[in-house]
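These are the residues of each chain, in order.
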Amino acid sequence: MIVKNEEEMLRKTLPQLAGCVDEIVLVDTGSTDGTLEVAKECGVRIFHFPWINDFSAARNESLKPAQGEWIIWIDADEMIRKEDFEVLKDLLRKTEASAFTLQIHESQPDQFKSEGYYPRLKVFRNHRGYHFERAINEQVFDQQGRLLEGEDLSLPVYHWGNRGSKERL
């Protein structure tokens, strides 16, 4: 997760996320609010990276310390319901696949009602040379520089937008 000044949103999303995953790597790009305090309360591993107008650079920095077999990259304003995480974790224990596309549902904050969705590769195996490219609208690429494709899952990720954040990346 890469963040800047996401205290308000993290108070809503981070506690549940922390209860569903083995580790959270948070890369802060210069927060001046209580973002880091919220992260510490949730037992998050915090790293710092100066913002250089490149989302992929910050995301790639977040991959370096990640220790798990799988990466799920998620933003502070995204939420996956606990029951959906359980379905995902069960699938990841059994699959031979390398990556998965999830459904990103636009939703009002604190709601799980879709206002439309789009697919996005959000889950991939760690330690395979996969990395992010593109400064804006970053995407995952393989070691040969090809866009990584994943198996499509109907699992929803609710995107609550940047409502409530003052200064962001």
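The written sequence of each chain sets the order in which its residues are numbered from 1. At least 70 in pLDDT is required for a residue's local features to be given in this predicted model, at least 80 for side-chain atom pairs to be given and counted, and no such filter applies to totals for whole chains, interfaces and linings, which use all residues. The side-chain numbers reported here are obtained from all heavy atoms of the structure, hydrogens and water having been left aside.

Trainee: Any chance you could explain the sheet that holds strand β2 (residues 25-28) here in plain terms?
Mentor: Two strands in a sheet stick together by hydrogen bonds in their backbones, pointing the same way (parallel) or opposite ways (antiparallel). Read from one edge of the open sheet, three strands run β1-β2-β3, paired in parallel fashion. Single-partner strands in this sheet number two, and they are β1 (2-3) and β3 (45-48). Two strands pair under a simple rule: DSSP has to find at least two bridges between them. Helix numbers and strand numbers start at the N terminus; a helix is a DSSP run of H or I with at least 4 residues, a strand a run of E with at least 2. Looking at chain direction, β1 and β2 are connected through two bridges and run parallel. Its bridge partner being in β2, Ile-2 is matched across the sheet by Val-27. Working rule for contacts: check all heavy atoms of both residues, and any pair within 4.5 Å makes them a contact. Axis geometry follows a simple rule: fit a line to the C-alpha atoms, using only the stretch in contact for helices, then measure angles between N-to-C directions, giving values from 0 to 180 degrees. Helix α3 (residues 55-63) contacts β1 and β2 of the sheet and is inclined by roughly 140° relative to β2.

Trainee: Quick question: what am I supposed to make of the confidence of the model for the chain here?
Mentor: pLDDT expresses how confident the predictor is about each individual residue, on a scale running from 0 to 100. Residues with a pLDDT of 70 or more make up 95% of the chain, whose mean pLDDT is 94. In this model residues 163-169 is a low-confidence stretch, pLDDT under 50, and it forms 20 contacts with partners more than four residues away in sequence or in other chains.

Trainee: What is the right way to look at the pairing of strand β7 (residues 117-125) in this model?
Mentor: As a general feature of sheets, a regular strand has side chains that alternate between the two faces. The pairing of strand β4 (residues 70-72) with β7 spans three bridges and is antiparallel. Across the sheet, residue Ile-71 finds its bridge partner in β7, namely Phe-124. Both strand β6 (residues 99-106) and β7 contribute to a ladder of seven bridges, which runs antiparallel. In the sheet register, Thr-101 faces β7, and the bridge partner there is Leu-121.

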